[in-house]
Amino acid sequence: MRRTQLAEGVYWVGAIDWDIRNFHGYTTNRGTTYNAFLIVDEKIALIDTVKHQFFPEMLRRIKEIINPEDIDYIVSNHVEMDHSGSLPMMLQAAPKAELITTEKRGEAGLKKHFNIDRKMIPVKEGSTLDLGKRQLAFVPIPMLHWPDSMVTYCPQDEILFSSDAFGQHLATSERFDDEVDPAVIMQEASKYYANILMLFGHLIPPAVSKLGGLSIKTIAPDHGIIWRSDPGKIISAYTDWAAGKTIDKALVVYDSMWHSTAKMASAIVDGLLEEGIEVKSYNLTSTDKSDIMTDVLDAKALIIGSPTLNNGMFPSVAEFLCYLKGLKPKNKIGATFGSYGWGGGATKAVRQEMDEMGIEMIADDLTFKWVPEEAELAQCVEFGGNIAKKMK
Ligand code: FEO
């Protein structure tokens, strides 16, 4: 088995999940990896483990390098089970290993998940661990994205083991950023941020400034490729995403029962395009909400359409709005549209949700009864054009 080194004595010993397509409701079209790292010094430390069923793959990689019984420490940067699911088995394979986790939150999380009775070394801001030639430093980053989350820094190798932060769900045979198409990496990194971290955006600047004092040559996240050629690129992207920076891009997101709302969506897109605005249009029947979120991240305008069903919005639109609301999008303007049969009510319900999210509604709701006629479709084009003008 090929050994992958981040630096002399620092190995990637994780696992590649080629087949996963749904990660707790997030579509992972390119699979993922669970990255774990082995540092072989006078003392031996394993940083994070892998999802339960990938334990044999991680153990094989470790055995290529050392006898697992020689591991002195296992660092748990984060309790979530994609990184700790193998921990009970790993503790059996490494009987003398002490477990390092954040005080209180990590300790409680590991005990509650796995009923662990191994000695734990609780760490907090400023805690360090001497491995011999290296001293690891631990930096808690609570709520990025779990209460127990922390990163581990190795100053001698200038490696930041960043847990979920800066990761991407991306299964590849390559391990480093200079070996994979940068457009693919950034697409998956932005999707990861939009779906996992966006709601915690306010915590990113303090975390980044805390890390700003460290000299970082390599960022090793727990998912996807390792940033060794340009770690500043992903830190800068996180800074922009956290600030809620947008571009002149409009998203038209809708569902339709009998294609009337779809016809309206298409005409609204025409109006936006006529004004030279970048547009992405998504029918919720065809595209998963987690893919749409990637575009929400930097879109300036969200235009959401729903037919009326039972005096309210269509269920797929309600699901999308529920997901969107939880992720707390910032700096958006919005509008809503849709067709109805007899009573109406969808756009009113959509507007209420968008208002509650703090989206600035910049147009009156556009609604038409039954199938939109030519003159009504012309109004849809105008509606899109007017939104575009307000975006500029
Ligand atoms: Fe990749 Fe929050 O676990």
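Residues numbered from 1 in each chain as written. Predicted model: local features only at pLDDT ≥ 70, side-chain atom pairs only at ≥ 80, totals over all residues. Heavy atoms only, no water.

Considering the pattern of salt bridges
A full pass over the atoms with the stated rule returns 21 salt bridges. Close ionic contact of Glu188 with Arg30 constitutes a salt bridge, the shortest N to O distance being 2.6 Å. Of this pair, Glu188 sits in helix H5 (residues 182-197) while Arg30 sits in the loop between strand S5 (26-27) and strand S6 (32-34); the two residues are 158 residues apart in sequence, bridging distant segments of the chain. Residue Arg30 is classed as partly exposed on the basis of its relative accessible area of 34%. (Salt bridge = Lys/Arg side-chain N within 4 Å of Asp/Glu carboxyl O. Helix = DSSP H or I, 4+ residues; strand = E, 2+ residues; numbered from the N terminus. Buried < 20%, exposed > 50% of the residue type's maximum accessible area, 1.4 Å probe, protein only.)

What about the packing of aromatic side chains?
A full pass over the atoms with the stated rule returns seven aromatic pairs. With a centroid separation of 5.2 Å and 55° between ring planes, the pair formed by Phe37 and Phe161 is classed as tilted. Of this pair, Phe37 sits in strand S7 (residues 37-40) while Phe161 sits in strand S15 (residues 159-163), and the two are 124 residues apart along the sequence. Of the two residues, Phe37 and Phe161, neither departs from the other in class, the shared state being buried. When the centroid spacing of 6.1 Å and the interplanar angle of 45° are considered together, the rings of Trp342 and Trp370 count as tilted. Taken together, the positions of Trp342 in the loop between strand S22 (333-340) and helix H11 (346-356) and Trp370 in the loop between strand S24 (366-369) and helix H12 (374-391) put the pair 28 residues apart, joining distant regions of the chain. (Phe/Tyr/Trp six-rings, centres within 6.5 Å; stacked < 30°, edge-to-face > 60°.)

A closer look at helix H8 (residues 260-274)
Here H8 is 15 residues long and its end C-alpha atoms lie 21 Å apart, about the 21 Å a rise of 1.5 Å per residue gives. When H8 is considered as a whole, its buried residues turn out to be Ser260, Thr261, Ala262, Met264, Ala265, Ala267, Ile268, Val269, Gly271 and Leu272. Buried positions along H8 lie against strand S17 (247-254), strand S18 (278-283), strand S19 (299-305), S22, S24 and H12. Gly276 lies just past H8 and shows a positive phi near 80°. (Expected span 1.5 Å × (residues − 1). Contact = heavy atoms within 4.5 Å.)

Here's the deal with the nonpolar core
The biggest cluster of nonpolar side chains holds 59 residues, and the ones touching the most others in it are Ile234 and Leu321. Counting residues per element, this core draws most heavily on H5, which supplies nine residues. Counting contributing residues per domain, this core is built from domain 1 (4-243) and domain 2 (247-391), each supplying no fewer than three. If we skip the residues at most four places from it in the chain, Ile234 touches Phe166, Met186, Ala189, Ile219, Trp227 and Trp241. With 31 residues, the next largest nonpolar core counts Phe23, Ala36, Met58 and Leu99 among its residues. (Core = buried A, V, L, I, M, F, W, Y, C linked by side-chain atoms within 4.5 Å. Domains from an automatic or database assignment.)

What about the sheet that holds strand S2 (residues 10-12)?
Taking strand neighbours across the sheet as the criterion, the seven strands line up as S1-S2-S7-S8-S9-S10-S11 in an open arrangement whose pairing is mixed. One side of each edge strand has no neighbouring strand; the edge strands of this open sheet are strand S1 (4-7) and strand S11 (120-123). With direction set aside, neighbouring strand axes in the sheet form an average angle of 25°. For S1 and S2, the ladder comprises three bridges, and the chain directions are antiparallel. (Pairing = 2+ DSSP bridges. Axes fitted to C-alpha atoms, helices over the stretch in contact; angles between N-to-C directions.)

Concerning empty space enclosed by the protein
Under the defined criterion, the tally for this structure stands at four cavities of 30 Å³ or more. Counted as a void, the largest cavity has a volume near 90 Å³. As for the largest cavity, its lining consists of Ile141, Leu144, Val151, Ala165, Phe166, Leu197, Ile204, Ala207, Val208, Leu211 and Tyr238. Of all the elements, helix H6 (residues 204-212) adds the most residues to the lining of the largest cavity, at four residues. When its residues are assigned to classes, the lining of the largest cavity shows 11 nonpolar, no polar and no charged. (1 Å grid on protein atoms, 1.4 Å probe; cavity = no way out; pocket = protein on both sides within 12 Å on 5 of 7 lines; lining within 4 Å. Points joined across faces, edges and corners; volume = space filled by probe spheres on them. Nonpolar A, V, L, I, M, F, W, Y, C, P; charged D, E, K, R; others polar.)

Observations regarding the sheet that holds strand S16 (residues 218-221)
Hydrogen bonds between backbone atoms are what pair the strands of a sheet, whose relative direction is either parallel or antiparallel. Pairing within the open sheet is mixed, and its five strands lie in the order S12-S13-S14-S15-S16. One side of each edge strand has no neighbouring strand; the edge strands of this open sheet are strand S12 (128-130) and S16. On average, adjacent strands in this sheet sit at an angle of 20° to one another, irrespective of strand direction. Note that strand S13 (residues 135-140) and strand S14 (residues 150-154) share four bridges and pair antiparallel. When the sheet's bridge partners are listed, Ala137 is paired in S14 with Tyr153.

Brief notes about the layout of surface pockets
Roughly 350 Å³ of internal volume is contained in the largest pocket. Where the lining of the largest pocket is concerned, the elements lending two or more residues are H8, strand S20 (308-309) and S22. Within the lining of the largest pocket, the residues separate by chemical class into eight nonpolar, 11 polar and no charged.

A short note on the domain arrangement of the protein
Taken domain by domain, the protein holds domain 1 (4-243) and domain 2 (247-391). Distance from the C-alpha centre of domain 1 to the C-alpha centre of domain 2: 38 Å. Facing the 15 residues of domain 1 at the interface are 15 residues of domain 2. Counting each side, the surface lost to burial between domain 1 and domain 2 is near 1200 Å², with a carbon and sulfur contribution of 54%. Run the count over domain 1 and domain 2 and you get one salt bridge. Between Asp291 and Lys191 there is a salt bridge whose closest N-O contact spans 2.7 Å. Where domain 1 meets domain 2, there are eight residue pairs in polar contact (both at pLDDT 80 or more). If you list the elements that add at least two residues to the side of domain 1 that touches domain 2, you get S5, H5 and helix H7 (231-242). Broken down by element, the residue count for the side of domain 1 that touches domain 2 peaks at six residues, all from H5. (Buried area = accessible area lost by both parts, 1.4 Å probe. Polar contact = N/O pair within 3.5 Å; in protein donor to acceptor, adjacent residues only side chain to side chain.)

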